[in-house]
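Examination of the molecular architecture
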Amino acid sequence: MRDETVVSVPARAAEYAETARATAPPPRVAEDHDPRRSERRAYAALDLGTNNCRLLIAEPAPYGFRVIDAFSRIVRLGEGLGSTDRLSDDAIDRTVDALAVCLGKMRSRGVVRSKSIATAACRLAVNGQAFVERVHREVGLDLEVVDRRTEAYLAVTGCAALADRNAESVVIFDIGGGSTEIVWLDGSAALARSADPTLRIRAWDSLPVGVVTLAERYGGADVTRPVFEGMVEEVADRLTKFALIAGAAAHAPNFHLLGTSGTVTTLAATHLRLPRYDRRRIDGLWMRDREVTDAIDGLLSTRLSDRAQNPCIGRDRADLVLAGCAILEAIRRAFPSERLRIADRGLREGLLMNMMREDGVWRRGVRPG
């Protein structure tokens, strides 16, 4: 049994178009703020995960933000971490190269404020701090290794706008490379009007399992159904404490699941049989329970080579996608729902919203510029 504690909190407490819509309504800000200045301010959010390095650069828009540049590269920073407790030299080199690209984009876009975070891999690795220091020394980026709670709250901030406003409970999850964040969100009407979605959090947990760690333990190339069930059972065991606290969520009116990760966006793309990934068709997509089951079954019946050739999966994710599906399946069994909403947004969007909210770039009812 793992030693982590589920935290319960009070209920009151190649991917974007330049015209991307706002991720959430803005809060009220000080009356003396000049909104015309904010229009010219570029913000950057960098999320370095166990598998991906992702950057988003945006500027404030009337009711959210407009993306002006983005970058994503699979670096597998946490490769082998589960067996060695260390970030490997090759993984570090790949990641440093990707981070240098990110810094170049920030400079070329004239970013005035940025936030760069690292998650599970750097939290767990014995040489995580040494890696952060090397990035500062060689690249010039200051990485902040965020704790489990911060990661869960950022995921909520980034995608809560996609929650059904008529749902009295929503379970939001973010399947990462080295951990999976899961949150029970209160959907009551009074709280739903809050500009800060974290005030609606009833309970949260961060499971120490992700697509990279799970695939390395069970194998990601030839995943038989018994192997798949073994992965599901391991995740279900780690999910037990949270399920005991948040189990009532699934019985609330209009309850649904809301997922953000490469796993769910890939699953949605294969469900739609897209010839190439299209964020505009994925972000906000509703999938019925039967459709999710069929999509997972379809992937389970494919060979590694077939998954690698699928333009919505590719070589870099071909050996990870079924591990992600196993995590999703464990969540679905713990919280049965007829509906799953797909979010192609998450930590970076949460970082951007928080920075802009702190800077007071919006005024309710007033459009910048």
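Here's what I pulled together on the structure shown here. Just so you know, these numbers come straight off a predicted model, no measurement behind them.

With respect to the helices and strands, T180 occurs in strand β8 (residues 180-186). Each C-alpha atom of the pair T180 and V211 lies 8.9 Å from the other, and the pair is 31 residues apart in sequence. Not counting chain neighbours up to four residues away, the residues in contact with T180 comprise D174, I175, D205, S206, L207, V209, G210, I327 and I331. In terms of polar contacts, T180 uses its side chain to reach the backbone carbonyl oxygen of V209, at 2.9 Å.

Glancing now at the side chain of D186. Mapped onto the fold, D186 is located in strand β8. Judged by relative accessible area, which is 8%, D186 ranks as buried. In this structure the side chain of D186 is engaged in a polar contact, spanning 3.4 Å, whose partner is the side chain of R202.

Before going further, it helps to spend a moment on the pattern of salt bridges. In the structure shown here, the tally under the stated rule is 29 salt bridges. Here R202 ties to D186 by a salt bridge, and the two come within 3.4 Å at their closest N and O atoms. With R202 in strand β9 (residues 201-207) and D186 in strand β8, this residue pair connects regions lying 16 residues apart in the sequence. The class for R202 is partly exposed, based on a relative accessible area of 28%.

Our focus in this paragraph is the sheet that holds strand β4 (residues 64-74). Here we have 5 strands laid out as an open sheet, ordered β4-β3-β2-β5-β6, and mixed in their pairing. The sheet terminates laterally at β4 and β6 (144-145), the two strands that pair on one side only. Bridge count for strand β3 (residues 52-61) against β4 is 10 bridges, and the pairing is antiparallel. The residue bridging R54 from the neighbouring strand is S72, located in β4.

Here we take up helix α5 (residues 128-138). In an α-helix, one full turn covers 3.6 residues, which means residues spaced three or four apart are oriented alike. Residues G128, F131, V132 and V135 constitute the buried set of α5. Seen along its axis, α5 keeps its buried residues to an arc of 100°; they face one direction. Buried positions along α5 lie against β2 (42-48), α3 (89-108), α4 (120-124) and β6. Positive backbone phi, approximately 95°, marks G140, located one or two places after α5.

The next point concerns the packing of helix α8 (residues 211-218) against helix α9 (residues 225-246). Running from N to C, α8 and α9 cross one another at 130°; their axes reach a closest spacing of 11 Å. Considering their axes alone, α8 and α9 lie oblique with respect to each other. For the crossing formed where α8 meets α9, the hand is right-handed. For the pair α8 and α9, contact is made by L214, R217 and Y218 and by V227, G230, M231, E234, V235 and R238, respectively. Counted by class, the contact of α8 with α9 contains 5 nonpolar, 1 polar and 3 charged residues.

What follows concerns the side chain of R76. Position of R76 among the secondary structure elements: in the loop between β4 and α2 (81-84). A polar contact of 2.6 Å, which involves the side chain of R76, links it to the side chain of D319. Non-local contacts of R76, meaning those with residues more than four positions away in its chain, are made with T50, N51, A91, R94, D316, D319 and L320.

Right, let's talk about the pairing of strand β12 (residues 339-343) for a bit. Across the 5 residues of β12, 5 count as buried, placing the element largely inside the fold. Of the two faces of β12, the one carrying R339, R341 and A343 and the one carrying L340 and I342 are both buried. Taken together, the 4 bridges between strand β10 (residues 256-260) and β12 define a ladder with parallel strand orientation. By the bridge assignment, L258 is partnered in β12 with R341. Bridge count for strand β11 (residues 286-288) against β12 is 3 bridges, and the pairing is antiparallel. Directly across from M287, in β12, lies its bridge partner L340.

Once that is clear, we can look at unusual backbone geometry. The phi dihedral of R76 falls on the positive side, at around 50°, and the residue is not glycine. At D85, a residue that is not glycine, the phi angle is positive and equals roughly 65°. Relative to the helices and strands, D85 is located in the loop between α2 and α3.

Rules used in this analysis
- Residues numbered from 1 in each chain as written.
- Predicted model: local features only at pLDDT ≥ 70, side-chain atom pairs only at ≥ 80, totals over all residues.
- Heavy atoms only, no water.
- Helix = DSSP H or I, 4+ residues; strand = E, 2+ residues; numbered from the N terminus.
- Contact = heavy atoms within 4.5 Å.
- Polar contact = N/O pair within 3.5 Å; in protein donor to acceptor, adjacent residues only side chain to side chain.
- Buried < 20%, exposed > 50% of the residue type's maximum accessible area, 1.4 Å probe, protein only.
- Salt bridge = Lys/Arg side-chain N within 4 Å of Asp/Glu carboxyl O.
- Pairing = 2+ DSSP bridges.
- Arc of directions from axis to C-beta.
- Axes fitted to C-alpha atoms, helices over the stretch in contact; angles between N-to-C directions.
- Parallel < 35°, antiparallel > 145°, perpendicular 65-115°, else oblique.
- Left-handed = near helix turned anticlockwise from the far one by under 90°.
- Nonpolar A, V, L, I, M, F, W, Y, C, P; charged D, E, K, R; others polar.

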